[in-house]
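Architecture at a glance
Given next are the chains, with one letter for each unit.
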Amino acid sequence: MPTIEIPSSLLPGDGRFGAGPSKVRPSSLTDLAATGTGFMGTSHRKPGVRDVVARLQGGMRELFSLPDDWEVILGNGGATLLWDALTFGFIENKSQHLSFGEFGSKFAKAAVAAPHLSDPTIIESAMGEHPELVTDEAIDTYAFTHNETSTGVSMPVVRPHGSTGLVAVDATSGAAGLHWDTAEADLYYFSPQKCFASDGGLFIALASPAACARIETIGASDRWIPAGLDLVTALDNSRKNQTYNTPALATIFLTNHMVEWMNDNGGLDFAAGRCATSAAHLYGWADAHAMATPFVTNPDHRSNVVATIDLDEAVDASVVSQVLRANGIVDTEGYRKLGRNQLRLAMFPAIEPDDVVALTACIDHVIAELAS
Ligand SMILES: *Cc1c(COP(=O)(O)O)cnc(C)c1O
């Protein structure tokens, strides 16, 4: 690797641009440490800790302007575990999945493998684009990803026209960075280590009354459901501001810290606005660049939270990422399975839009040095 020192005047204040786990605000960690002996290491069934679960639920209600009859369900295991739970306790018989990247395809695979479900419909598109849902009376659950973290494609949350099925959205990297309307979804779920600048380990699922009714109906049926994947248990515990088993307390603390920061500064408009500002700069830079091009060609499909930028073959993107890393700018590598000469750059709410501007100046510097 060539030794290139980026002038310190060009460097961003914080060099973390990874798509997850992503930048945690330093003040969140300082405040967590300052809890000392009063929080970590105390019982999750006692008021002090139940309060932080309740705060998380209230913070999500405010951030997403949830109608009063929605529930905020949380539990251990992250979005990946929730896919398995959904195959047991949410999909009645047949689901439809949009598959346009790593994450949507994983949920689709879980539904294919579940022996008690009919084979799902899977609608694919080329990487870098997204397909559309197709209304079908046989479908009881429509599943798609708000933001495909692997490819940098986002899609609007929209109910298929005239459908009776419920809409379940994996918003792990989109929630808090992209707008959506509760009228268009029934289950909107995520893990907090992306836009929520927290750590992994939890799933948070915002559930409409229809989603809760579905969970309770399947829970009352004779379908076998493993206890740890039982959404009725998760729902019952969430109503008591608890989780079924011991939750990741630091993750909850850091999530609250971020949610409260976003709510105090203007809520979803503020958080998604920061991402939009960063994205406008980054795509504008790439569009105008001789050596860089946004991988996602349709501007409507380009994500405001994760940008995938192809570099000209004259520049090795992995070398650019290595040089950036040596200068403290980390996790800009492309998604390996896409196999492109690409940088993948997160623009989550915690990332300063000014740092995204600094990042592109640093990339310019590295590309110029590599060419000289
Ligand atoms: C990161 C990610 C996941 C997986 O989250 P885990 O917490 O690791 O289970 C799922 N879906 C999307 C869209 C993601 O970005």
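We now turn to the structure provided with this report. (Residues numbered from 1 in each chain as written. Predicted model: local features only at pLDDT ≥ 70, side-chain atom pairs only at ≥ 80, totals over all residues. Heavy atoms only, no water.)

1. With respect to the overall build of the protein chain
- When helices and strands are counted, the protein chain shows 10 helices and 12 strands.
- Taking 372 residues into account, the globule formula puts the C-alpha radius of gyration at 21 Å, and the protein chain, at 21 Å, falls close to it.
- Projected onto the principal axes, the alpha-carbon positions of the protein chain cover approximately 70 × 50 × 35 Å.
- The proportion of buried residues among the 372 residues of the protein chain is 58%. (Helix = DSSP H or I, 4+ residues; strand = E, 2+ residues; numbered from the N terminus. Rg over C-alpha atoms; globule rule 2.2 N^0.38 Å. Buried < 20%, exposed > 50% of the residue type's maximum accessible area, 1.4 Å probe, protein only.)

2. Quick look at the sheet that holds strand 9 (residues 202-207)
- Overall, mixed pairing links the seven strands, which are arranged 1-9-8-7-4-2-3 in an open sheet. Only two strands of the sheet have a single neighbouring strand rather than two, namely strand 1 (71-76) and strand 3 (121-124). Going across the sheet, the axis of each strand differs from the next one's by a mean of 20°, ignoring polarity.
- Note that strand 8 (residues 187-190) and strand 9 share four bridges and pair antiparallel. Of the residues in strand 9, the one forming a bridge with Leu-187 is Ala-207.
- Where helix 3 (residues 78-89) meets the sheet, its contacts fall on strand 1, strand 7 (166-170), strand 8 and strand 9, and the angle it forms with strand 9 comes to roughly 55°. (Pairing = 2+ DSSP bridges. Axes fitted to C-alpha atoms, helices over the stretch in contact; angles between N-to-C directions. Contact = heavy atoms within 4.5 Å.)

3. Notes on the pairing of strand 8
- Burial of the side chains of strand 8 extends over both faces: Leu-187 and Tyr-189 are buried on one face and Tyr-188 and Phe-190 on the other.
- Relative to strand 8, strand 7 runs parallel, the two being bridged by three bridges. Considered in strand 8, the bridge of Ala-168 is made with Leu-187.

4. Overview of the packing of aromatic side chains
- Here the structure, examined in full by the defined rule, presents 12 aromatic pairs.
- Aromatic side chains Trp-180 and Tyr-188 sit 3.7 Å apart centroid to centroid with 10° between the ring planes, which places their arrangement in the stacked category. Neither residue differs from the other here; Trp-180 and Tyr-188 are each classed as buried.
- An aromatic cluster of three or more residues is present, and its members are Phe-64, Trp-70, Trp-180, Tyr-188, Phe-190 and Phe-196.
- It is Arg-25 that lies over the ring of Trp-261; its NZ or CZ is 4.0 Å from the centre.
- One Lys or Arg, Arg-214, reaches over the ring of Phe-90 and ends 5.5 Å from the middle of that ring. (Phe/Tyr/Trp six-rings, centres within 6.5 Å; stacked < 30°, edge-to-face > 60°. Lys NZ or Arg CZ within 6 Å of the ring centre and 35° of its normal.)

5. So, the nonpolar core
- Core analysis: the biggest nonpolar cluster contains 88 residues, and Met-60, Phe-64, Tyr-188, Phe-196 and Leu-206 have the highest contact counts within it.
- Residues lining this core come from more than one domain, with at least three contributed by each of domain 1 (36-264) and domain 2 (267-371).
- What Phe-64 contacts, discounting residues up to four positions off in sequence, is Ala-175, Ala-176, Trp-180, Thr-182, Tyr-188, Phe-190, Phe-196, Leu-206 and Leu-268.
- Formed by 32 residues, the second largest nonpolar core is a distinct cluster that contains Phe-103, Ala-114, Ala-143 and Leu-187. (Core = buried A, V, L, I, M, F, W, Y, C linked by side-chain atoms within 4.5 Å. Domains from an automatic or database assignment.)

6. Some thoughts on the site of the ligand
- For the ligand, the set of nearby residues contains 14 residues, the closest of which are Thr-80, Thr-149, Asp-170, Ser-191 and Lys-194.
- Between Asp-170 and the ligand, the recorded distance is 2.6 Å, taken from a side-chain N or O atom to a nitrogen atom.
- Between the ligand and Ser-191, the relevant distance is 2.7 Å, taken from an oxygen atom to a side-chain nitrogen or oxygen of the residue.
- Taken together, the residues that form the shell around the ligand break down as three nonpolar, nine polar and two charged. (Near = heavy atom within 4 Å. Polar contact = N/O pair within 3.5 Å; in protein donor to acceptor, adjacent residues only side chain to side chain. Nonpolar A, V, L, I, M, F, W, Y, C, P; charged D, E, K, R; others polar.)

7. Topic: the pattern of salt bridges
- By the definition in use, this model includes 14 salt bridges.
- Between Lys-106 and Glu-102 there is a salt bridge; the shortest N-O distance is 3.5 Å. Separated by four residues within a single helix, Lys-106 and Glu-102 lie in helix 4 (residues 102-113), roughly one turn from each other.
- Classification of Lys-106 by relative accessible area gives partly exposed; the value is 36%.
- Residues participating in the shared-partner salt-bridge network are Glu-71, Glu-216 and Arg-239. (Salt bridge = Lys/Arg side-chain N within 4 Å of Asp/Glu carboxyl O.)

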